[in-house]
Amino acid sequence: MTHRLPRLVALLALASPALAGSPVAGSETTPVTFAEHVAPIVFQNCASCHRPGEAAPFPLLDYGDVKKRGRMIQLVTQTRYMPPWQPEPGFGEFRDSHYLTTDEVETIRRWVEGGMEEGDPAKTPELPEFTSGWQLGDPDLVVKMDAAYSVPADGPDIYRNFVLPLGLDEDKWVTAVEVRPSARPVVHHVLYFLDDSGRARKLDERDAGPGFDGFVFQATGNLGGWAVGGTARHLPDGLAMPLPKGADLVLQTHFHPSGKAEREETTLGIYFADAPPERTLMEFQVPPEYGSYWGIDIPAGEAHYPVTDSFEIPVDIQLINVGGHAHYICSKMIGRATYPDGRSEPLLYIDDWDFNWQGWYEYEEPIFLPAGTIVDVELIYDNSDMNPRNPFSPPRRIAWGLESTDEMGSLIFDAVPVNEDDVAWFHLVSAGRPFRSYEGDNGALNLLRRIQSMDRDGDGGVSRTEVAPYLVQLLDALDREKDGILSAVEIAALEARAN
Ligand code: HEC
């Protein structure tokens, strides 16, 4: 229960902007000053990135910095371009929200239009203290890239995978990963994948220089990720992610050249749980990962191309967090839960999706979804030449695919089951959805049959080495005994539930 206090403080801050250190500027007639009104807003919401060595291109740490860019700051706050925070307010309550209140935006506007007075410098608040070391204290394991990767000054964004052997000789449970890029100005986001198949190492050997290109690598697990502005934190409620012995960590890093050549040599801190968690973290995607089945195929010039999917939650769960994933021309993402009693609740709404700001959003409180709840997701794509993020001019037909100029899209949720006995069944139903229509109605059963057909040695069970690479993560999730084999007994139990 150690998270109780910070959560309460966060709730209070949400309820009352004044408590978050941003006094609302007086009436239209009293002057708005930097010292009293604007500095608290900027120091609280901008300075964490707008300071030397961080991702933003210039500092916002004193009156001179802010005045110099006053007009621009008014614009980017009014348009909600800054601070970067994609979820619209009122559609799910999230921790660490960077969203400025309407009052704060209004205060900045009045300050800029009123001539950007400094006011009494003695009234300027102190800058917040930024911890320079590990935010979460000393990690249990520190790993570093074995060579620096050169990021050129200019050119397109770069996606690169780096393999970091962890050398663990026993299975671990991970509560948090903290990333420390050496070249913060160019590192936009990092996804943490796991691989214990050796495939990532082979891809690395084949590609000259540190790491390898592309999105086609099939991970055998993952440990979440980080994006610019993200706060390192432990998973809530004693949750942890499995980290099998012998696995390599594979970083998938998105670089955004900054105008200055940089060398990146990422360091990561990994925090272990003392004991296996009592509840299992389960990830699911709506629409499911195998997007080709969902037939994203967007004609050139189409400005409103919707993709919708619904998932009926098969068992009682609690939703922990949500993140969106799509490429350049997705424009909106909407998620909603409709409960069996007909009530409904927004889960996420991103009105202006931006591929450069992928984030994960942790709900302020877990959201209980009873079995039978329908999770509806709608994604809208804009493949017209009016979309400034369209990678093609003139627009071209864009279909589902792994390259960043192809498209895909889902909302990705993390949840815990209310009843631990439901874990394997939940994963099978969720992963079995694409296996429904082309092989009959029962997706869970069809997927189970597919896995069973991979039993090459005919012993009735399917091992991690027998199953196709894209099913290893699922096999691990279904394998309740955690012995690396989906045994005949485990298969029979799932079969009984599917029939
Ligand atoms: C999570 C990190 C982060 C936070 C917080 C943040 N910024 Fe930024 N800001 C950036 C980055 C990175 C860029 C450069 C990339 C870009 O323009 O998208 C940027 C760019 C800008 C720009 C230039 C925009 C342009 O088009 O050239 C302005 C102005 C700005 N930020 C103001 C602010 C203000 C004001 C705040 C607080 C209310 C703020 N930022 C909070 C990361 C941040």
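Structure first, text after, so check above.
This section reports on the structure supplied with the text. Treat the numbers as computed from the prediction; the structure is a model and nothing was measured. Along every chain, residues carry numbers that run from 1 in the direction the sequence is written. Thresholds applied to this predicted model are a pLDDT of at least 70 for local features of residues and 80 or more for the giving and counting of side-chain atom pairs; totals over whole chains, interfaces and linings are not thresholded and use all residues. Excluding hydrogens and water, the side-chain figures rest on all heavy atoms present in the structure.

## Description of helix H10 (residues 488–498)
Buried within H10 we find Glu490, Ile491, Leu494 and Ala498. Projection of H10 onto a plane perpendicular to its axis shows the buried side chains occupying an angular sector of 100°, all on one side. Exposed side chains of H10 directed beyond 90 degrees from the buried face belong to Val489, Ala493 and Ala496. Note on contacts: a residue pair qualifies if any of its non-hydrogen atoms lie within 4.5 Å across the two residues. Segments assigned H or I by DSSP are reported as helices when at least four residues long, segments assigned E as strands when at least two residues long, and all are numbered from the N terminus. For H10, the elements touching its buried residues are helix H7 (423–431), helix H8 (443–452), strand E22 (462–463), helix H9 (472–478) and strand E23 (485–486). Throughout, exposure labels follow a simple rule: accessible area from a 1.4 Å probe, protein chains only, divided by the maximum for the residue type, with under 20% read as buried, over 50% as exposed, and the rest as partly exposed. The reported arc concerns the directions from the helix axis to the C-beta atoms and nothing else.

## Topic: the site of the ligand
Any residue with a non-hydrogen atom lying within 4 Å of a molecule or strand is treated as near it. The immediate surroundings of the ligand are formed by 21 residues, with Cys46, Cys49, His50, Tyr81 and Met82 found nearest. Here His50 contributes a side-chain N or O atom positioned 2.7 Å from a nitrogen atom of the ligand. One of the side-chain N or O atoms of Tyr81 is found 2.4 Å from an oxygen atom in the ligand. Ten residues, namely Ala, Val, Leu, Ile, Met, Phe, Trp, Tyr, Cys and Pro, are considered nonpolar, four, namely Asp, Glu, Lys and Arg, are considered charged, and the remaining ones, Gly among them, are considered polar. A class-by-class count of the residues in the shell around the ligand yields 17 nonpolar, four polar and no charged. As used in this structure description, the phrase polar contact means that two N or O atoms lie within 3.5 Å; if the pair is within protein, one of them must be able to donate a hydrogen and the other to accept it, and residues adjacent in sequence are counted only when both atoms belong to side chains.

## So, the side chain of Asn383
Within the element layout of this structure, Asn383 appears in the loop between strand E19 (374–381) and strand E20 (398–399). Given a relative accessible area of 0%, Asn383 falls into the buried group. Ignoring sequence-local partners within four residues, the contact set of Asn383 consists of Ile298, Pro299, Ala300, Gly301, Glu302, Ala303, Ile329, Asn390, Pro395, Arg396, Arg397 and Ile398.

## Some points on the coordination of the iron atom of the ligand
Protein coordination at the iron atom of the ligand comes from His50 (NE2) and Met82 (SD), with a distance range of 2.0 to 2.3 Å. The site at the iron atom of the ligand holds six donor atoms, and with the angles between them running 84 to 179°, its shape is octahedral. Of this pair, His50 sits in the loop between helix H2 (34–45) and helix H3 (63–68) while Met82 sits in the loop between helix H4 (70–78) and helix H5 (102–113); the two residues are 32 residues apart in sequence, bridging distant segments of the chain. In this analysis a donor is any N, O or S atom within 2.8 Å of a metal ion (3.2 Å for sodium, potassium and calcium), and since water is not included, sites may seem incomplete. Angle rules define the geometry names used: all angles between 85 and 135 degrees makes four donors tetrahedral, while opposite donors over 155 degrees apart and all other angles between 65 and 115 make four donors square planar and six octahedral, leaving every other case irregular.

## Points about the packing of H8 against H10
Between N-to-C directions, angles span 0 to 180 degrees; the directions come from axes that are lines fitted to C-alpha atoms, helices contributing only their stretch in contact. The contact between H8 and H10 brings their axes to 10 Å, and the two run at 155°. Taken together, the axes of H8 and H10 lie roughly antiparallel to each other. The chirality of how H8 crosses H10 is left-handed. Seen from H8, the contacting residues are Leu445, Leu448, Arg449 and Gln452; seen from H10, they are Ile491, Leu494, Glu495 and Ala498. Any angle from 65 to 115 degrees is called roughly perpendicular, while one under 35 is roughly parallel, one over 145 is roughly antiparallel, and all others are oblique. Two helices that cross are described as forming a left-handed crossing if the nearer one is turned anticlockwise from the farther one by less than a right angle, and a right-handed crossing if clockwise.

## Digging into the sheet that holds strand E17 (residues 344–350)
In spatial order, the strands read E14-E19-E16-E17; together these four strands make up an open sheet with antiparallel pairing. Here the strands that pair on one side only, and so sit at the sheet edges, are strand E14 (305–312) and E17. Strand after strand, the sheet turns through a mean of 15° between neighbouring axes, direction not considered. In this scheme, strands are said to pair when DSSP sees at least two bridges between them. Pairing of strand E16 (residues 330–338) with E17, which is carried by six bridges, proceeds in the antiparallel orientation. Residue pairing for E17: Ile334 is matched across the bridge by Tyr349.

## Observations regarding the environment of Ala273
Along the polypeptide, Ala273 turns up in the loop between strand E11 (267–272) and strand E12 (282–286). We classify Ala273 as partly exposed; its relative accessible area is 23%. Distance in space between the C-alpha atoms of Ala273 and His427 is 23 Å, their sequence separation being 154 residues. Sequence-distant contacts of Ala273, defined by excluding residues within four places in its chain, comprise Trp173, Thr175 and Ala240.

## So, the packing of aromatic side chains
When the centres of two rings from Phe, Tyr and Trp lie within 6.5 Å, Trp using its six-membered ring, the rings pair. Their planes under 30 degrees apart give stacked, over 60 give edge-to-face, and anything left gives tilted. Applying the stated rule across the entire model yields 17 aromatic pairs. Aromatic pair Phe284 and Phe413: ring centres 5.1 Å apart, planes at 20°, arrangement stacked. Here the residue Phe284 occupies a position in strand E12, and Phe413 occupies one in strand E21 (residues 409–417), the gap between them amounting to 129 residues. Using a relative accessible area of 1% as the deciding quantity, one classes Phe284 as buried. When the centroid spacing of 4.6 Å and the interplanar angle of 70° are considered together, the rings of Tyr328 and Phe355 count as edge-to-face. With Tyr328 in the loop between strand E15 (317–326) and E16 and Phe355 in the loop between E17 and strand E18 (360–369), the pair connects residues that are 27 residues apart, well separated along the chain. A single burial state applies to Tyr328 and to Phe355, both of which are buried. Members of the aromatic cluster, connected to one another through ring pairs, are Phe34, Phe43, Tyr63 and Trp111.

## Thoughts on the pattern of salt bridges
Take a side-chain nitrogen of Lys or Arg and a carboxyl oxygen of Asp or Glu: if they are within 4 Å of each other, that pair is a salt bridge. Taken as a whole and assessed by the stated rule, the structure comprises 19 salt bridges. One salt bridge in this structure joins Glu106 and Arg109, with 2.5 Å as the shortest N-O distance. Of this pair, Glu106 and Arg109 both sit in helix H5, three residues apart, roughly one helical turn. Overall, Glu106 belongs to the partly exposed group, its relative accessible area being 29%.

## Observations concerning unusual backbone geometry
Geometrically, the link from Val286 to Pro287 is a cis peptide bond, its omega value of -10° lying close to zero. By secondary structure assignment, the location of Pro287 is in the loop between E12 and strand E13 (297–298). Residue Pro394 follows Ser393 across a cis peptide bond; omega there is 0°. Summarising the element assignment, Pro394 is placed in the loop between E19 and E20. The phi angle at Arg80 is positive, at roughly 65°, despite the residue not being glycine.

## Quick word on the sheet that holds E11
The strand order E1-E11-E4-E8 describes an open sheet built from four strands, whose pairing is antiparallel. Edge positions in the sheet fall to strand E1 (141–144) and strand E8 (241–243), since each has one partner strand and no second. Strand-to-strand twist in this sheet, taken as the mean axis angle between neighbours without regard to direction, amounts to 45°. Looking at chain direction, E1 and E11 are connected through four bridges and run antiparallel. Among the inter-strand pairings, Leu141 is bridged to a residue of E11, identified as Ile270.

## Notes on H5
Every helix has an expected span of 1.5 Å times one less than the residues it contains. Taking 1.5 Å of rise per residue, twelve residues should cover 16 Å, and H5 covers 16 Å from first to last C-alpha, within 8% of that figure. Here H5 has its buried residues at Glu104, Val105, Thr107, Ile108, Arg109, Arg110, Trp111 and Val112. Looking at the buried residues of H5, the elements they touch are H2, H3 and H4. Note on H5: the residue one or two positions beyond its end, Gly115, has a positive phi of about 105°.

Everything listed here is a matter of coordinates, which is why it stays silent on function.
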